[in-house]
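Architecture at a glance
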Amino acid sequence: MIVVLRSATLDFNFKENCLFCGERVGVDSKCPKSRRRDFSCVETLELLPGVVATARKRNDKWGNEVLVRVGLSCDLVAEEARYHRDCYATFLRKRLSDSAEFQNVGRQKKIKN
Ligand SMILES: [Zn+2]
C-alpha cells in the first residue's frame, strides 16, 4: 500500500499535474486546443476541506492518493496547484453515486421482506 502511494506521488508537480488524476495539465502546446481538458488552479484554500472530507469518505485508492498529494504541500494556492475540472467533478460525484447504491440496497431488502 505504501509503495502504491509513493508511486502516486512520484514526479508529481503541482504546477504540471492534476491534483486528482496526476496527469499533466494544459501544458502541452502541441495538443490542439479543442482536445485540451478544462482545468483550474487552486485559487482558494477553502477548496481543500471539501476535497479532504470527500477523500476520507471515499476511503479508496483514489481518495488516498489525493490525500497524499494534498499532504505534500501546506499551501496549494502558493504552489499554484492545478486540476482538471472533470476530475474534480468525478471525484465529488462518485461519493454521491455510492450513497445512491446504499439506498438501492435498502429498498431491495424491503422488497424481500
Ligand atoms: Zn485530472
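Structure: above.
Residues numbered from 1 in each chain as written. Predicted model: local features only at pLDDT ≥ 70, side-chain atom pairs only at ≥ 80, totals over all residues. Heavy atoms only, no water.

**Some details on the overall build of the protein**
Per the secondary structure count, the protein includes five helices and two strands. Secondary structure elements of the protein, listed N to C terminal, follow the sequence α-β-α-α-α-β-α. Taken over 113 residues, the protein has a buried fraction of 26%. For the protein, the share of sequence-separated contacts (at least 6 apart) that also reach a separation of at least 24 residues comes to 79%. Summing over all exposed atoms, the protein offers an accessible surface of approximately 8,000 Å²; the carbon and sulfur share of this is 52%. (Helix = DSSP H or I, 4+ residues; strand = E, 2+ residues; numbered from the N terminus. Buried < 20%, exposed > 50% of the residue type's maximum accessible area, 1.4 Å probe, protein only. Contact = heavy atoms within 4.5 Å. Areas by Shrake-Rupley, 256 points an atom, 1.4 Å probe, with all protein chains shown as cover.)

**As for the coordination of the zinc ion**
Around the zinc ion, the protein supplies Cys18 (SG), Cys21 (SG), His84 (ND1) and Cys87 (SG) as donor atoms, at distances of 2.0 to 2.3 Å. Taken together, the four donor atoms surrounding the zinc ion define angles of 104 to 117 degrees at the centre, an arrangement classified as tetrahedral. Donor residues for the zinc ion, ordered by position in the chain, follow C-x2-C-x62-H-x2-C. Taken as a pair, Cys18 in the loop between α1 (2–9) and β1 (39–41) and Cys87 in helix α5 (residues 85–112) lie far apart in primary sequence, 69 residues in all. (Donors = N, O, S within 2.8 Å, 3.2 Å for Na, K, Ca; no water. Tetrahedral: all angles 85-135°; square planar, octahedral: opposite > 155°, others 65-115°.)

**Some remarks on the pattern of salt bridges**
Counted according to the given criterion, the structure contains six salt bridges. Residues Asp60 and Arg58 are paired through a salt bridge, measuring 3.1 Å at the closest nitrogen-oxygen approach. The structure contains a network of salt bridges with shared partners spanning Glu23, Arg37 and Asp86. (Salt bridge = Lys/Arg side-chain N within 4 Å of Asp/Glu carboxyl O.)

**Digging into the packing of aromatic side chains**
Counted by the stated rule, this structure contains six aromatic pairs. Consider the rings of Phe20 and Tyr83, whose centres lie 5.8 Å apart with planes at 85 degrees: the pair is edge-to-face. One end of the pair, Phe20, is in the loop between α1 and β1; the other, Tyr83, is in strand β2 (residues 82–84), with 63 residues separating them in the sequence. Residues Phe20 and Tyr83 agree in their burial class; the two are buried. For the pair Phe20 and Phe91, a centre-to-centre distance of 5.1 Å together with 40 degrees between the ring planes defines the contact as tilted. Residue Phe20 is located in the loop between α1 and β1, and its partner Phe91 is located in helix α5; the two are separated by 71 residues in the primary sequence. We note that Phe20, like Phe91, is buried. (Phe/Tyr/Trp six-rings, centres within 6.5 Å; stacked < 30°, edge-to-face > 60°.)

**Notes on the environment of Lys15**
Tracing the chain through its elements places Lys15 in the loop between α1 and β1. Judged by its relative accessible area of 42%, Lys15 falls in the partly exposed class. C-alpha separation for the pair Lys15 and Gly26, spaced 11 residues apart in sequence, amounts to 10.0 Å. Leaving out residues up to four positions away in the same chain, Lys15 has contacts with Glu79, Glu80 and Arg82.

These figures come from the coordinates and say nothing about function on their own.
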